[in-house]
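# Fold and geometry: a report
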Amino acid sequence: MSSITIGKDIRVNRLGFGAMRLCGPGIWGWPADRENALRVLRRAVELGVEFIDTADAYGPNVNEEQIAQALYPYPAGLTIATKGGSTRPGPSEWRRDGRPAHLAKACEGSLRRLRLERIDLYQLHAVDVNVPLEDQVGALRKLRDEGKIRYVGLSNVNLEQLQSAQRIVEIASVQNNYNVGNRASEPILQYCEANGIAFIPYFPLDAGDITTLEALEPVAAAHGATVFQVGLAWLLHHSPAALPIPGTSSLDHLAENVAARTLTLSEREYGALDRLAAV
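A brief report on the enclosed structure follows.

Here is what the cut-offs are and how they apply
Residues numbered from 1 in each chain as written. Predicted model: local features only at pLDDT ≥ 70, side-chain atom pairs only at ≥ 80, totals over all residues. Heavy atoms only, no water. Pairing = 2+ DSSP bridges. Helix = DSSP H or I, 4+ residues; strand = E, 2+ residues; numbered from the N terminus. Phe/Tyr/Trp six-rings, centres within 6.5 Å; stacked < 30°, edge-to-face > 60°. Buried < 20%, exposed > 50% of the residue type's maximum accessible area, 1.4 Å probe, protein only. Salt bridge = Lys/Arg side-chain N within 4 Å of Asp/Glu carboxyl O. Polar contact = N/O pair within 3.5 Å; in protein donor to acceptor, adjacent residues only side chain to side chain. Contact = heavy atoms within 4.5 Å.

## Quick word on the pairing of strand β1 (residues 3-6)
Judged from the four bridges that link them, β1 and strand β2 (residues 10-13) form a sheet pairing that is antiparallel. Counterpart to S3 in the pairing with β2 is N13. Linking two consecutive strands that pair antiparallel, namely β1 and β2, is a turn of three residues; a positive phi of about 70° is found at G7 within it.

Now the structure itself:
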């Protein structure tokens, strides 16, 4: 499958772009080369990317501003997904705030920075253990009912949390760390596939885990591809529910990532990669 449906009616190509790495070091502030970040975003759309993932915590705020600066007015068919519920006291520091008042304020800020009247997919960045889950998800349901977001998604959740959230509001997507070398979220992926929920794997190569990379090298060499392309090709083949969002600040790497959509491995190679990590 070359495309995927999010919710009932958002159809996008099944390889998105994670914009987080366009921020400065530690996902903090603006990058040294601001224009390059804008070029990468524009080139992603030119290459057929129809789904861009961001969050108010990336920068913070910087990433959403970059997207609007580069792409607004947005071309038809482009979906911008963002997240709320994380706060940033400093570079490489991440905290959670799932209070309904914070989520409402965060969503308003994202609407303003992205120059949108409604966000197509708004995700809870991470569950705040200090706030009842029903309050956090209920806040997103309220934002949906107010017309500020179209679909609700979750990120960094377990299966029990996903199922609990579904009893409160329709969940259109789950975004978790998942890749050929890290299958901890395999039960969640299978649940999403069975229930028509888009599964958005981030860190599609475990941020360069050396064991995973070494295992992919022979397959990559056989196809004249990079290990990153092989990892993405495996994700696309492994489940029709998967919507990988590889991120980069390099135009060359962006082109390589998008090219993974056309890479086809043999069934023997897919099988060997399937056995790479224990579920």
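Having seen the structure, we can now continue with the description.
## Let's talk about the packing of aromatic side chains
Per the stated rule, a full pass over the model turns up five aromatic pairs. Both rings, one in Y178 and one in W234, keep their centres 6.2 Å apart while their planes meet at 25°; by these two values the pair is stacked. Note that Y178 is positioned in the loop between β10 (171-177) and α6 (186-194) and W234 in helix α8 (residues 227-238), a separation of 56 residues in sequence. What makes Y178 buried here is its relative accessible area of 1%. Overall, W234 belongs to the buried group, its relative accessible area being 1%.

## Section: the environment of D135
With respect to the element layout, D135 can be found in helix α4 (residues 133-145). Spatially, the C-alpha atoms of D135 and G98 are 8.2 Å apart, while their sequence positions differ by 37 residues.

## Description of the pattern of salt bridges
What the rule picks out here adds up to twelve salt bridges. A salt bridge links E64 to R113; the shortest N-O distance between them is 2.7 Å. Of the two residues, E64 is situated in helix α2 (residues 62-71) and R113 in helix α3 (residues 100-114); the sequence distance between them amounts to 49 residues. Sharing partners across several salt bridges, the network here consists of E108, K142, E146 and K148.

## Describing the side chain of D53
By the element assignment, D53 lies in strand β4 (residues 51-53). Among the polar contacts listed, one links the side chain of D53 to the side chain of K83, at a separation of 2.8 Å. Leaving out residues up to four positions away in the same chain, D53 has contacts with F17, G18, A19, Y58, N63, A81, K83, Q123, Q175 and I245.

Any functional reading would require information that these geometric values do not contain.
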